[in-house]
Amino acid sequence: MKHAAAWLMALALSITSISAGESKMNAEQTDVLDLINSMTSAFEAKDFESVMATYEPHVTIMFEPGKATTDKTAIIKAFEEFASVDPRFTYSGHEVIVQGDIALHIAPWAMTGVLPDGQNIEQSGLSVAVARRQEDGSWKMVIDNPHGSRLLQN
């Protein structure tokens, strides 16, 4: 039991060092967060070319819970349709874990928008995204799931 406690303490310390909160992020973590912020800003500006530039060519995006989309044409169409509600996003925090050339970004989000009939809408969820460092040192997303919280719902 004594060894298990030591192992758990070592694990906790190692997780803390690689999954620092937003205020304690290292340069790699900040670069991944910049990628997420760039994508969000481009999407809110309806700049779909810049949105797509934040993803690798063979990205998987979950526009609907449990339904992966990989087709670039379908991805752009989904972004365009979703942008019609003029969404505005806020995040209540970010966690970025980097291991080598792979990064995991986790963030609770809230979105407000306006439907075509003028009705206000609000949604929220948990974004889970996987990014990969590119040969030039930049980061691009390879998996994007804004519906990570669906597994917590009964």
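Our subject is the structure that appears above.
Quick caveat, the model's predicted, so the values are computed rather than measured. (Residues numbered from 1 in each chain as written. Predicted model: local features only at pLDDT ≥ 70, side-chain atom pairs only at ≥ 80, totals over all residues. Heavy atoms only, no water.)

**Student:** Can you help me understand the pairing of strand β5 (residues 102-114) in this one?
**Tutor:** Where a strand is regular, its side chains alternate between the two sheet faces. What you see with β5 is a clean split: Ala103, His105, Ala107, Trp109, Met111 and Gly113 sit on the buried side and Ile102, Leu104, Ile106, Pro108, Ala110, Thr112 and Val114 on the side with no burial. Relative to β5, strand β3 (residues 88-91) runs antiparallel, the two being bridged by four bridges. Along β5, the bridge assignment pairs tyrosine 91 with tryptophan 109. For strand β4 (residues 95-99) and β5, the ladder comprises five bridges, and the chain directions are antiparallel. Within the sheet, the bridge partner assigned to valine 96 lies in β5 and is histidine 105. Connecting β4 to the antiparallel partner β5 that follows it, the hairpin turn spans two residues, and glycine 100 within it adopts a positive phi of roughly 65°. (Buried < 20%, exposed > 50% of the residue type's maximum accessible area, 1.4 Å probe, protein only. Helix = DSSP H or I, 4+ residues; strand = E, 2+ residues; numbered from the N terminus. Pairing = 2+ DSSP bridges.)

**Student:** I tried to follow the environment of glycine 118 on my own but got confused; where do I start?
**Tutor:** Looking at where glycine 118 falls in the secondary structure, it is placed in the loop between β5 and β6 (120-133). Judged by relative accessible area, glycine 118 falls into the partly exposed class, the value being 46%. For the pair glycine 118 and valine 85, spaced 33 residues apart in sequence, the C-alpha to C-alpha distance is 9.3 Å.

**Student:** Would you take a moment to explain helix α4 (residues 72-83) for this structure?
**Tutor:** Because an α-helix packs 3.6 residues into every turn, residues spaced three or four apart end up facing the same way. The terminal C-alpha atoms of α4 lie 16 Å apart, and with twelve residues this matches the ideal 16 Å at 1.5 Å per residue to within 8%. Residues of α4 that are buried: Ile75, Ala78, Phe79 and Ala83. Buried residues of α4, viewed axially, fall in a sector of 130°; they line one side. Seen from the buried face of α4, the exposed residues on the opposite side, beyond 90 degrees, are Thr73 and Lys77. Where the residues of α4 are buried, they touch α2 (27-44), α3 (48-52), β1 (55-64) and β2 (67-69). (Expected span 1.5 Å × (residues − 1). Arc of directions from axis to C-beta. Contact = heavy atoms within 4.5 Å.)

**Student:** Is there a simple way to think about the side chain of threonine 54 in this case?
**Tutor:** Mapped onto the secondary structure, threonine 54 falls in the loop between α3 and β1. Reaching out from threonine 54, the side chain makes a polar contact with the backbone oxygen of valine 51 at a distance of 2.6 Å. Sequence-distant contacts of threonine 54, that is, excluding residues within four places in its chain, are made with Leu35, Ser38, Met39, Lys140 and Met141. (Polar contact = N/O pair within 3.5 Å; in protein donor to acceptor, adjacent residues only side chain to side chain.)

**Student:** I would appreciate a short explanation of the pattern of salt bridges in the present structure.
**Tutor:** Side chains that differ in charge, positive against negative, can pair when their charged atoms come close. According to the stated counting rule, one finds six salt bridges in the structure shown. Two residues, aspartate 86 and arginine 88, come together in a salt bridge whose shortest N-O distance is 3.2 Å. Since its relative accessible area comes to 38%, arginine 88 is described here as partly exposed. Beyond isolated ion pairs, a larger network of salt bridges with shared partners links Glu28, Asp101 and Arg133. (Salt bridge = Lys/Arg side-chain N within 4 Å of Asp/Glu carboxyl O.)

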